[in-house]
Amino acid sequence: MTRVGNIHRKTKETDISVTLNLDGTGKSQISTGIGFFDHMLEGFSRHGLFDLKCDVTGDLHVDGHHTVEDTGIVLGQAIAQACGDKKGIRRYGFFILPMDDALVLCAVDLSGRPYLNFDYRFPSTRAGGLDTELVREFFYAVSYSAGINLHFKILDGQNTHHIIEAMFKAFSKALDQAVENDPRITEVLSTKGSL
């Protein structure tokens, strides 16, 4: 059975539709209005082997905050929907991803208890058309709307573009591990009996 999340969310600030297939091949169709953000989401899709369609109309005449944060909310909801009851999945995933000068560790637990550990200031305040402080806002929104315990450690790096791209790719690889089905796990991987 293919695991797909399909979410539409409309507010006065944004209109966002996301379709996420956890069992895809890495195909994406992304349009957020922020080129660098599109590039990061394309990397997330490709390296996690998730099929992702993301159409965003946001109030970019104000700034990119609502667009990026709300995309995180909707993507997180799509992840949660696609995971369903989480029976049979590994639950945990981690990856250390090198990208040129950057080295990023990401670990996830699909526990249902949201938490973000992200204590880092980027060398530059902008990456293309993206305000770099919005990277944290994006991952915070994803973690809380998906119920993911999400940790990042920036182990090395000088180039802001490389560091952010390594974060998105490391997250995708860790998430791909966590959502993988394991035939030894017949229920949910929890002593509580639910996640």
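What comes next concerns the included structure.

Rules used throughout
Residues numbered from 1 in each chain as written. Predicted model: local features only at pLDDT ≥ 70, side-chain atom pairs only at ≥ 80, totals over all residues. Heavy atoms only, no water. Helix = DSSP H or I, 4+ residues; strand = E, 2+ residues; numbered from the N terminus. Rg over C-alpha atoms; globule rule 2.2 N^0.38 Å. Buried < 20%, exposed > 50% of the residue type's maximum accessible area, 1.4 Å probe, protein only. Contact = heavy atoms within 4.5 Å. Areas by Shrake-Rupley, 256 points an atom, 1.4 Å probe, with all protein chains shown as cover. Lys, Arg positive; Asp, Glu negative; His and termini not counted. Charge placed at Lys NZ, Arg CZ, Asp CG, Glu CD. Pairing = 2+ DSSP bridges. Axes fitted to C-alpha atoms, helices over the stretch in contact; angles between N-to-C directions. Polar contact = N/O pair within 3.5 Å; in protein donor to acceptor, adjacent residues only side chain to side chain. Parallel < 35°, antiparallel > 145°, perpendicular 65-115°, else oblique. Left-handed = near helix turned anticlockwise from the far one by under 90°. Phe/Tyr/Trp six-rings, centres within 6.5 Å; stacked < 30°, edge-to-face > 60°.

## Focus: the overall build of the protein chain
No. 1: A tally of helices and strands in the protein chain yields 4 helices and 10 strands.
No. 2: Ordering the α and β elements of the protein chain from the N terminus gives β-β-β-α-β-α-β-β-β-β-β-α-β-α.
No. 3: Radius of gyration (C-alpha) of the protein chain: 16 Å, near the 16 Å computed for a compact globule of 195 residues.
No. 4: For the protein chain, with 195 residues in total, the buried portion stands at 50%.
No. 5: Counting only contacts in the protein chain whose residues sit at least 6 apart along the sequence, the fraction spanning at least 24 positions is 76%.
No. 6: For the protein chain, the accessible area works out to roughly 9,300 Å², and carbon and sulfur atoms hold 48% of it.
No. 7: On the protein chain, the mean spot of the 20 positive side-chain charges and the mean spot of the 25 negative ones are 6 Å from each other.

## With respect to the sheet that holds strand β10 (residues 149-156)
No. 1: What the 4 strands build is an open sheet, ordered β5-β6-β10-β7; its pairing is mixed. Both outer strands of the open sheet, β5 (92-99) and β7 (115-117), are each paired with one neighbouring strand and no more. Each neighbouring strand pair of the sheet contributes to a mean axis angle of 10°, computed without reference to strand direction.
No. 2: In terms of strand pairing, β5 meets strand β6 (residues 102-109) through 8 bridges, oriented antiparallel. Considered in β6, the bridge of Leu97 is made with Val104.
No. 3: Sheet contacts for helix α3 (residues 133-146): β7 and β10; angle to β7, the most-contacted strand, approximately 150°.

## Some details on the side chain of Ser172
No. 1: By secondary structure assignment, the location of Ser172 is in helix α4 (residues 160-179).
No. 2: The class for Ser172 is buried, based on a relative accessible area of 0%.
No. 3: A polar contact of 3.4 Å, which involves the side chain of Ser172, links it to the backbone nitrogen of Gly48.
No. 4: If sequence neighbours within four positions are ignored, Ser172 has contacts with Gly43, Phe44, His47, Gly48 and Phe50.

## A short note on the packing of α3 against α4
No. 1: With their axes 12 Å apart at the nearest point, α3 and α4 run at an angle of 10° to one another. Between α3 and α4, the angle is such that the two are roughly parallel. The two elements α3 and α4 meet at a crossing, and its hand is left-handed. Together, Val135, Phe138, Phe139 and Val142 of α3 and Ile164, Met167, Phe168 and Phe171 of α4 make up the contact between the two elements.

## Things to note about the packing of aromatic side chains
No. 1: With the rule as written, the count across this model stands at 12 aromatic pairs.
No. 2: Considering the side-chain rings of Phe37 and Phe138, the 5.4 Å spacing of their centres and the 80° angle between planes classify their relative orientation as edge-to-face. Of this pair, Phe37 sits in helix α1 (residues 35-48) while Phe138 sits in helix α3; the two residues are 101 residues apart in sequence, bridging distant segments of the chain.
No. 3: Taking the relative accessible area as the measure of exposure, Phe138 reaches 2% and is therefore buried.
No. 4: Ring geometry for Tyr140 and Tyr144: centres 4.5 Å apart, planes at 25°, overall stacked. You can see Tyr140 and its partner Tyr144 sitting in helix α3, 4 residues apart, about one turn around the helix.
No. 5: With a relative accessible area of 34%, Tyr140 lands in the partly exposed category.
No. 6: Members of the aromatic cluster, connected to one another through ring pairs, are Phe37, Phe44, Phe50, Phe118, Tyr120, Phe122, Phe138, Phe139, Phe152, Phe168 and Phe171.

## Looking at the side chain of His162
No. 1: Mapped onto the fold, His162 is located in helix α4.
No. 2: On the accessibility criterion, His162 (18% relative accessible area) is buried.

## Observations regarding the environment of Gly93
No. 1: Looking at the secondary structure, you find Gly93 in strand β5.
No. 2: The contact partners of Gly93, leaving out residues within four places of it in the chain, are Cys106, Ala107, Val108, Ala174, Gln177 and Ala178.

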